[in-house]
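Each chain, written out:
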Amino acid sequence: MPDLRGHGRSAKPHDAACHPPDVLAEDGLALLDHLALDDYDLGGYSLGARVVVRMLVRGATPGRAVVAGQGLREVLGLGGGAGSFLRRVFAGAGSFEPGSPQKQARQWLRSSGADPVALLHVLDSVVPTPVEPLGRIQVPTLVVIGADDERAATADQLAAALPQGTSAVVPGVHGTAVGTQELTAAILDFLADH
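Residues numbered from 1 in each chain as written. Predicted model: local features only at pLDDT ≥ 70, side-chain atom pairs only at ≥ 80, totals over all residues. Heavy atoms only, no water.

**Overview of the overall build of the protein chain**
Here is step 1 of the chain: Check the secondary structure of the protein chain and you find ten helices and four strands.
Here is step 2 of the chain: Ordered by position from N to C terminus, the α and β elements of the protein chain give α-β-α-β-α-α-α-α-α-β-α-β-α-α.
Here is step 3 of the chain: Against the 2.2 N^0.38 benchmark of 16 Å for 194 residues, the protein chain shows a C-alpha radius of gyration of 16 Å, consistent with a compact globule.
Here is step 4 of the chain: The principal-axis extent of the C-alpha atoms belonging to the protein chain is close to 45 × 35 × 30 Å.
Here is step 5 of the chain: Sequence-distant contacts, at least 24 apart, represent 66% of the contacts inside the protein chain between residues at least 6 apart.
Here is step 6 of the chain: Taken as a whole, the protein chain presents about 10000 Å² of accessible surface, with 55% of it coming from carbon and sulfur.
Here is step 7 of the chain: Looking at the protein chain, you have 15 positive and 21 negative side-chain charges, and the mean spots of the two groups are 8 Å apart. (Helix = DSSP H or I, 4+ residues; strand = E, 2+ residues; numbered from the N terminus. Rg over C-alpha atoms; globule rule 2.2 N^0.38 Å. Contact = heavy atoms within 4.5 Å. Areas by Shrake-Rupley, 256 points an atom, 1.4 Å probe, with all protein chains shown as cover. Lys, Arg positive; Asp, Glu negative; His and termini not counted. Charge placed at Lys NZ, Arg CZ, Asp CG, Glu CD.)

And the structure:
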């Protein structure tokens, strides 16, 4: 599993020029070329799911795709999104209620060694995808979402916009659905059926 630019052990430059529009999709496509893959599946969760969509509309041809933790609203670039949420987290410093999503995000950012400046540049590089290019994706695609994820409101719309889209709902909110056995089972069932 690759570390996206600005994540994990990948470089975290503060220069906005290092994060041009659609750079994460460019990185993913370059990795496919570098590995000379022609028989592969492609999947991602949250930001990774947005990257999967961008790679698909830009010509990636996996056998199957998984877009997890995203809805149509986010793919279209509408709504607050992770960038505005993280800006509030970074601006709020230590002023959040214990147990709040903002406090949990702040703790995760600290424990993961995330660099706020680089991470915001990365999020700002994500390009919205209109509905029309989604309709050209001819890959069996699973859209899977946590039942209580705020993105769930438009997840079925995202699946419907994809010619071979299917959807599944698993327990949890955005931050917890990713670790559920049900998410793993939904992905494995989809891969086995397609």
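**Describing the sheet that holds strand S4 (residues 165-170)**
Here is step 1 of the chain: Taken together, four strands build an open sheet; the order of strands is S1-S2-S3-S4 and the sheet is parallel. The strands lining the two open edges of the sheet, one partner per strand, are strand S1 (42-45) and S4. Along the sheet, successive strands turn relative to each other by an average axial angle of 15 degrees, direction set aside.
Here is step 2 of the chain: Of the pairings in the sheet, the one linking strand S3 (residues 141-146) to S4 comprises six bridges and is parallel in character. (Pairing = 2+ DSSP bridges. Axes fitted to C-alpha atoms, helices over the stretch in contact; angles between N-to-C directions.)

**Some points on the nonpolar core**
Here is step 1 of the chain: Core analysis: the largest hydrophobic core is formed by 40 residues, its most contacted members being Met55 and Leu134.
Here is step 2 of the chain: No other element matches the seven residues that helix H2 (residues 47-57) contributes to this core.
Here is step 3 of the chain: If we skip the residues at most four places from it in the chain, methionine 55 touches Ala25, Gly28, Leu29, Leu32, Leu42 and Ala60.
Here is step 4 of the chain: Judged by nonpolar contacts, the second largest core, of eleven residues, contains Val144, Val170, Ala186 and Phe190. (Core = buried A, V, L, I, M, F, W, Y, C linked by side-chain atoms within 4.5 Å. Buried < 20%, exposed > 50% of the residue type's maximum accessible area, 1.4 Å probe, protein only.)

**Some points on the pairing of S1**
Here is step 1 of the chain: In the sheet, S1 pairs with strand S2 (residues 65-68) via four bridges, with the strands oriented parallel. Pairing of leucine 42 across the sheet is with alanine 65, part of S2.
Here is step 2 of the chain: The parallel pair S1 and S2 is bridged by H2, and the resulting crossover is right-handed. (Right-handed = clockwise from strand over helix to strand, strands pointing away.)

**Quick word on the side chain of histidine 19**
Here is step 1 of the chain: Along the chain, histidine 19 turns up in the segment before helix H1 (23-35).
Here is step 2 of the chain: Here histidine 19 falls in the buried class, since its relative accessible area comes to 5%.
Here is step 3 of the chain: There is a polar contact of 3.0 Å between the side chain of histidine 19 and the backbone oxygen of proline 13.
Here is step 4 of the chain: Not counting residues within four places of it along the chain, the set of residues in contact with histidine 19 comprises Arg5, Pro13, Ala118, His121, Val122 and Ser125. (Polar contact = N/O pair within 3.5 Å; in protein donor to acceptor, adjacent residues only side chain to side chain.)

**Structural notes on empty space enclosed by the protein**
Here is step 1 of the chain: As enumerated under the stated definition, the model contains one cavity of 30 Å³ or more in all.
Here is step 2 of the chain: Space inside the largest cavity adds up to approximately 50 Å³.
Here is step 3 of the chain: Around the largest cavity, the lining residues are Asp22, Val23, Leu24, Ala25, Val51, Arg54, Ser125, Val126 and Val127.
Here is step 4 of the chain: Sorting the residues of the lining of the largest cavity by element identifies H1 and H2 as the ones contributing at least two each.
Here is step 5 of the chain: For the lining of the largest cavity, the leading source of residues is H1, giving three residues.
Here is step 6 of the chain: Looking at the lining of the largest cavity, its residues break down into six nonpolar, one polar and two charged. (1 Å grid on protein atoms, 1.4 Å probe; cavity = no way out; pocket = protein on both sides within 12 Å on 5 of 7 lines; lining within 4 Å. Points joined across faces, edges and corners; volume = space filled by probe spheres on them. Nonpolar A, V, L, I, M, F, W, Y, C, P; charged D, E, K, R; others polar.)

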